[in-house]
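One letter stands for each residue in the lines below.
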Amino acid sequence: MCTFALVRSTMRNIAWVLALLLVLAACSERAPQAVPDAEPGVYYWRTSLRLDSAERAFLAQHDIKKIYLRVFDVGVGQNGRPVPVATLSFADALPAGVRVVPVVFMTEECLRADTTALAQRMVRRVMKMVDAEGLPGVSEVQIDCDWTPRSREAFFSFLKRVSALLKAKGWRLSVTIRLHQLSQPAPPADYGVLMLYNTGDMRSRTTRNPIFAAEDMEPYIEALPAYDLPLCAAYPNFAWKRLFDGERFKGFLYSETLADSTVYAPLKRDSLYRVVQGRTIHGAVAAHYDLHLSPCDEVVVSRPHADEVTAMARRLERLRPGLHAGTIIYHLDHSSLNTYTSQQYETLYHLH
């Protein structure tokens, strides 16, 4: 009997140990949740820093104290080496009390070059801009790159070098995370911003909404709960005007006024227009890129819909509690601010 009791006690203890190990294993697999200094923010993604009254009012109304400010891009130059392009010019001062996170966008092609030198040059250039312009409250840098499995090793090595350089100054490193990257190992950074926009094929006319469509996100979000990096979420408020010749994508109309009835005729309220008079838009995207409008070309206007965005945000918050502690809107531009009502912005900013 004593032997039986001892065996039963031992088995009970083993069961308790196994249960504890399972709990610890579950905890160890749970993705970290806390984003450093999480608070509502906006992206600013233009080449000149100049805020009008509507943009300043938006910052004040929603108590936005954090601006993710794109300071320059990195592309590949004619010599095959990474070079800075589209550097931000400073024509205005930011409101008092706003903190800046400098953001650098880099193409995947850059990762084929020597990223050791690139990391040093990039960090040095950001720090010079911060000092020269007196950018307020800077304590981190964000890298935006659409890396893939083929470039992952080079990108992660690059991030480790950037992180070491930033940590020497007491700064953090954050990165953008695209939905397709959720299935990959998390990059070596302090936290990530999950980009919940540009979800569909922008070149396809049959895509329901290439900016934000719940059905395009479904294949990716199952990986969200266990993703091993602190995350916050970014949502779109911009629209796209895409030009098509039949089913062929011709380009984006960035600054065109579709209300000009001499050039465009509405076919479907606010979402579809036909070109009635051909003309050429000079420098449509870059200095040497022209876009020709032909009669019968059509312009498809896409924009996010508040009810769909909010519904998906609520679902993601259930999957990943705390995801919206530092929600970011992309982006601060007066032409996009009326995409949502003030209450809808408040809902997105305060889901957590």
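Note that the structure is a prediction, hence the values are computed from the model and not measured.

A. Local environment of the overall build of the protein. In terms of helices and strands, the protein carries seven helices and 18 strands. Looking at the 352 residues of the protein, the share that counts as buried comes to 47%. Long-range contacts, defined as pairs at least 24 residues apart, comprise 73% of the intrachain contacts of the protein with a sequence gap of at least 6.

B. Structural detail: the nonpolar core. Ranked by size, the top nonpolar core spans 94 residues in total, and within it Met106, Ile143, Phe155, Phe158 and Tyr235 carry the most contacts. Here this core gets eight residues from one element, more than from any other, and that element is helix H3 (residues 115-133).

C. Structural view of the packing of helix H5 (residues 214-221) against helix H6 (residues 306-319). The geometry of H5 relative to H6 is characterised by a closest axis approach of 11 Å and an angle of 10° between their N-to-C directions. In this view, H5 runs roughly parallel relative to H6, as classed from their interaxial angle. Of the two elements, H5 crosses H6, and the hand of that crossing is right-handed. Taken together, the residues of H6 that come into contact with H5 (itself represented by Ala214, Glu215, Met217, Glu218 and Ile221) are Glu308, Met312, Arg315, Leu316 and Leu319. Here the contact of H5 with H6 is composed, by residue class, of six nonpolar, no polar and four charged.

D. Geometry of the environment of Val104. Relative to the helices and strands, Val104 is located in strand E6 (residues 99-106). Residue classification places Val104 among the buried positions, given a relative accessible area of 1%. Beyond its immediate sequence surroundings of up to four residues, Val104 is in contact with Val71, Phe72, Val74, Met122, Val126, Gln142, Ile143 and Asp144.

E. Region of the structure containing the packing of aromatic side chains. Under the defined criterion, the tally for this structure stands at 19 aromatic pairs. Seen in terms of ring centroids, Tyr43 and Tyr330 are 5.8 Å apart; in terms of plane orientation they differ by 55°. Their pairing is tilted. Taken together, the residues Tyr43 in strand E1 (residues 41-44) and Tyr330 in strand E18 (residues 328-330) connect sequence positions 287 residues apart. With respect to class, Tyr43 is no different from Tyr330; both count as buried. Seen from their ring centres, Tyr197 and Tyr330 are 5.0 Å apart, and the 25° between their planes marks the pair as stacked. With Tyr197 in the loop between strand E9 (191-195) and H5 and Tyr330 in strand E18, the pair connects residues that are 133 residues apart, well separated along the chain. When its relative accessible area of 7% is taken as the criterion, Tyr197 is described as buried.

What counts and what doesn't
Residues numbered from 1 in each chain as written. Predicted model: local features only at pLDDT ≥ 70, side-chain atom pairs only at ≥ 80, totals over all residues. Heavy atoms only, no water. Helix = DSSP H or I, 4+ residues; strand = E, 2+ residues; numbered from the N terminus. Buried < 20%, exposed > 50% of the residue type's maximum accessible area, 1.4 Å probe, protein only. Contact = heavy atoms within 4.5 Å. Core = buried A, V, L, I, M, F, W, Y, C linked by side-chain atoms within 4.5 Å. Axes fitted to C-alpha atoms, helices over the stretch in contact; angles between N-to-C directions. Parallel < 35°, antiparallel > 145°, perpendicular 65-115°, else oblique. Left-handed = near helix turned anticlockwise from the far one by under 90°. Nonpolar A, V, L, I, M, F, W, Y, C, P; charged D, E, K, R; others polar. Phe/Tyr/Trp six-rings, centres within 6.5 Å; stacked < 30°, edge-to-face > 60°.

Read these as spatial facts, not as claims about activity.
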